[in-house]
2 protein chains.
Amino acid sequence: VIALRCQPAGEPATEVRIGDGAGAAFAERARDRRVFALVDEVIAELGLQPATPPNWVWHPVRGGEGLKTMAMAETVLRAMVQAGCDRGSVLCAVGGGTVGDLGGFCASLFARGIELWQVPTTTLAMLDSAVGGKTAVNLPEGKNLVGTVHPATLVVVEPAFLVCEPERNYRAGLAEAIKMGLGLDAELFALLERDAAVLRQRRDRAEWSTAFVGVVHRSLAAKIAVVEQDLRETGRRRLLNLGHTLGHALEAWHQGSVPHGECVARGLWFALDVARELGAMRSEEIERAGALLRRYQHHRMPLLMPVDELMAFVLRDKKVDSGVVHFAVPTGIGTSEVRPLEPGLLRRLLERE
Amino acid sequence: VIALRCQPAGEPATEVRIGDGAGAAFAERARDRRVFALVDEVIAELGLQPATPPNWVWHPVRGGEGLKTMAMAETVLRAMVQAGCDRGSVLCAVGGGTVGDLGGFCASLFARGIELWQVPTTTLAMLDSAVGGKTAVNLPEGKNLVGTVHPATLVVVEPAFLVCEPERNYRAGLAEAIKMGLGLDAELFALLERDAAVLRQRRDRAEWSTAFVGVVHRSLAAKIAVVEQDLRETGRRRLLNLGHTLGHALEAWHQGSVPHGECVARGLWFALDVARELGAMRSEEIERAGALLRRYQHHRMPLLMPVDELMAFVLRDKKVDSGVVHFAVPTGIGTSEVRPLEPGLLRRLLERE
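Residues numbered from 1 in each chain as written. Chains lettered and ligands numbered in written order. Predicted model: local features only at pLDDT ≥ 70, side-chain atom pairs only at ≥ 80, totals over all residues. Heavy atoms only, no water.

Caption draft 1: Quick peek at the overall build of chain A. Broken down by element type, chain A carries 14 helices and twelve strands. Here the C-alpha radius of gyration of chain A, 20 Å, is about what a compact globule of 353 residues would show, namely 20 Å. Projected onto the principal axes, the alpha-carbon positions of chain A cover approximately 60 × 45 × 35 Å. Per-residue burial for chain A yields a buried fraction of 60% across its 353 residues. Relative to all contacts within chain A whose residues are 6 or more apart in sequence, the contacts with residues 24 or more apart total 73%. (Helix = DSSP H or I, 4+ residues; strand = E, 2+ residues; numbered from the N terminus. Rg over C-alpha atoms; globule rule 2.2 N^0.38 Å. Buried < 20%, exposed > 50% of the residue type's maximum accessible area, 1.4 Å probe, protein only. Contact = heavy atoms within 4.5 Å.)

Caption draft 2: Expanded view of the nonpolar core. Among the nonpolar cores identified, the biggest contains 248 residues, and M80 and L91 of chain A together with M80 and L91 of chain B are the most heavily contacted of them. Leave out the neighbours within four places in its chain, and L91 of chain A touches F36, L38, M80, G103, C106, A107, I114, E115, L116 and W117 of chain A. (Core = buried A, V, L, I, M, F, W, Y, C linked by side-chain atoms within 4.5 Å.)

Caption draft 3: How the structure looks around the packing of aromatic side chains. Residues and elements named next belong to chain A. A complete count under the given rule lists 14 aromatic pairs over all chains for this structure. Aromatic rings pair up to connect F26, W56 and W117 into one cluster. The ring of Y170 carries R202 above its face, with NZ or CZ at 3.6 Å from the centroid. Residue placement shows R202 over the ring face of W208; its charged tip is 5.9 Å from the ring centre. (Phe/Tyr/Trp six-rings, centres within 6.5 Å; stacked < 30°, edge-to-face > 60°. Lys NZ or Arg CZ within 6 Å of the ring centre and 35° of its normal.)

Caption draft 4: View of the confidence of the model for chain A. Confidence along chain A averages 93 in pLDDT terms, with 98% of residues attaining 70 or more. Of the two predicted TM-score estimates for the complex, the pTM is 0.93 and the ipTM is 0.91. (pLDDT = per-residue confidence, 0-100.)

Caption draft 5: Quick look at the packing of helix α6 (residues 167–184) of chain B against helix α9 (residues 205–229) of chain B. Residue and element names in this part refer to chain B. Between α6 and α9, the shortest axis-to-axis distance is 10 Å and the interhelical angle comes to 50°. Classified by the angle their axes make, α6 and α9 are oblique. Of the two possible hands of crossing, α6 and α9 adopt the one that is left-handed. Between α6 and α9, the contacting residues are Y170, L174, A177, M180 and L184 on the first element and W208, F212, V215, S219, A222, K223 and V226 on the second. When grouped by side-chain class, the residues that make up the contact of α6 with α9 number ten nonpolar, one polar and one charged. (Axes fitted to C-alpha atoms, helices over the stretch in contact; angles between N-to-C directions. Parallel < 35°, antiparallel > 145°, perpendicular 65-115°, else oblique. Left-handed = near helix turned anticlockwise from the far one by under 90°. Nonpolar A, V, L, I, M, F, W, Y, C, P; charged D, E, K, R; others polar.)

Caption draft 6: Highlighting the relation of the copies chain B and chain A. Least-squares fitting of chain B to chain A yields an RMSD of 0.0 Å, with the superposition described by an axial translation of 0.0 Å and a rotation of 180°. Both chain copies can therefore be described as sitting about a two-fold axis. Of the interface residues in chain B, 100% have counterparts in chain A that sit at the interface too, so the contact is made through matching surfaces. (Least-squares fit on C-alpha atoms with pLDDT ≥ 70 in both.)

Caption draft 7: Here's a closer look at the sheet that holds strand β9 (residues 154–157) of chain A. All names here are of chain A. The mixed open sheet is built from seven strands, whose spatial order is β1-β2-β9-β6-β5-β3-β4. The open sheet has two edge strands with one neighbour each: β1 (2–6) and β4 (56–61). Across the sheet, the axes of successive neighbouring strands diverge by a mean angle of 15°, strand direction being ignored. Against the sheet, helix α3 (residues 70–82) makes contact with β3 (35–40), β4 and β5 (90–95), and its axis sits at roughly 145° relative to β3, the strand it touches most. Contacts from helix α9 (residues 205–229) reach β1, β2 (14–18) and β9 within the one sheet, and its direction differs from that of β1 by about 15°. (Pairing = 2+ DSSP bridges.)

Okay, structure coming up:
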């Protein structure tokens, strides 16, 4: 089991444990406290519940963006009161990014904030969203428009949970690792190149697990290095939005029928095009990044939707600040920077895409 | 205009301006930013709107505990998106404690937190709730069970707004100043004794205004001294709950038909009884505190409700932590301390009340 620690200035620390058996960390921490487990029903059906001690309350939910509403948050918060939770209780979110987003949101609001544990059970959540403290629900007007910053105190990554994940989501999730490698960590990028066959095919459990734990480790370490400097996304943390400006707009346009990671992968292609346009990255590096995306079956699909509609989504996103879009541009393999783009320029670039 | 500043470690500062003309602080701060004003309709009807510049969006709401729901928060958050708010916008809450609680809650959640201004227009909000950063909405299970800590950057106290306030609420609101004097500041207590006639009768506008601004000044200064040391209520801030353990339970039992301040005043009588029971305060000081409560027409009314029901409310309150009730006990005029009380003891004390 690999251990990482995230310690932004003036905030509680997050302990991260990655690998088979990482869940052993719960026993000593739970003790007499009430633990309210918000669990994706797919995981709940695995039958872990009988093994959990009596101070755990089990609350199954159906994962997916449809879960992330203010109304569902209220349902969960009421269930927490009825289960006898108080300020000393813990909310433990067991599921993918949507369960983590809702669980973190509820933990931050219950009694003005209680302790949060994250147990990501999808590729995307393991590689990215379980660490960093962002919580969110959606509005009809757009995704993640409402939320808080409330880091987990404990994150447990057990690769075995991925047996439940559909192949398409697994592959899409790896796009976040590619994002982290391209924007922040050349070694992670090289690891993804080297282990591409093992990671994609998943033939041998032990071989895959070793490679996957390595990628989770480096992805989360890269994210932690950014988050420790800028938890509240006023500067450097915007680098983590690489691929997400177009990615979020596509995801909204498709109304959730296309996995987040596939939208991010298409957004990475756009970010590479922007980098080329701005002369920010050497063209052989752009080719190398494109080749890695293709190796994970993320191709540069044509954009079929009207640019007007995409721009409407982009301008409603949280990356906009007093009218300027903070756009993350790759500047090499493992490096990137944030450029303020006028909406007019972004629109012209999207039209050419 | 009196200026105060609240600066908890590692948090943005709150500027507080108290007195006629304090609102002049807005002009320079608003400039080109979008300001979303959440305004109690009673205030909106005063006709201030035509004077506000075009970057202000005016959103009237009906003040009262009924406003503080998750559903209403969603309505406001959606209106903010539709009004074109982004991360650089400001939410300005103009109204009593309930408008401030909902407005602060929405400001803390919109795009994971935007700047908040508070313009309290009731006695209670001016003396207490506009400063300190607590935001809240209610659940059917209890009041303020959900919320965040999100201090305003600017608080403007214009005493003139109190012309709209019903006499009963004005008198009830002064109970929070008595709480602050009794628990934290002997000089404020003496001021409330000295100016009781002027404050209660409000005959002469100028004389009243001077006395009232003085009381607001000392009340907020006393609160700020506590909040700067403990914004998130893990210790010393629990002193501010003096009178609120029983107060909140009474308020919940009456389902909002009795003003908050009247419930707190009754809670102060109970806290004095607990102090006597525990031998925590000299009996002449207990008498002096009782006399001040009576001068503001807060009498020691009989408790007519079943102790079982009161205890159920008390145990659901946020002041409970892993089963123990953190109870603020006065120990003299201007001093107090927090004692962990077993629910069994608290119950016996309530039965004698």
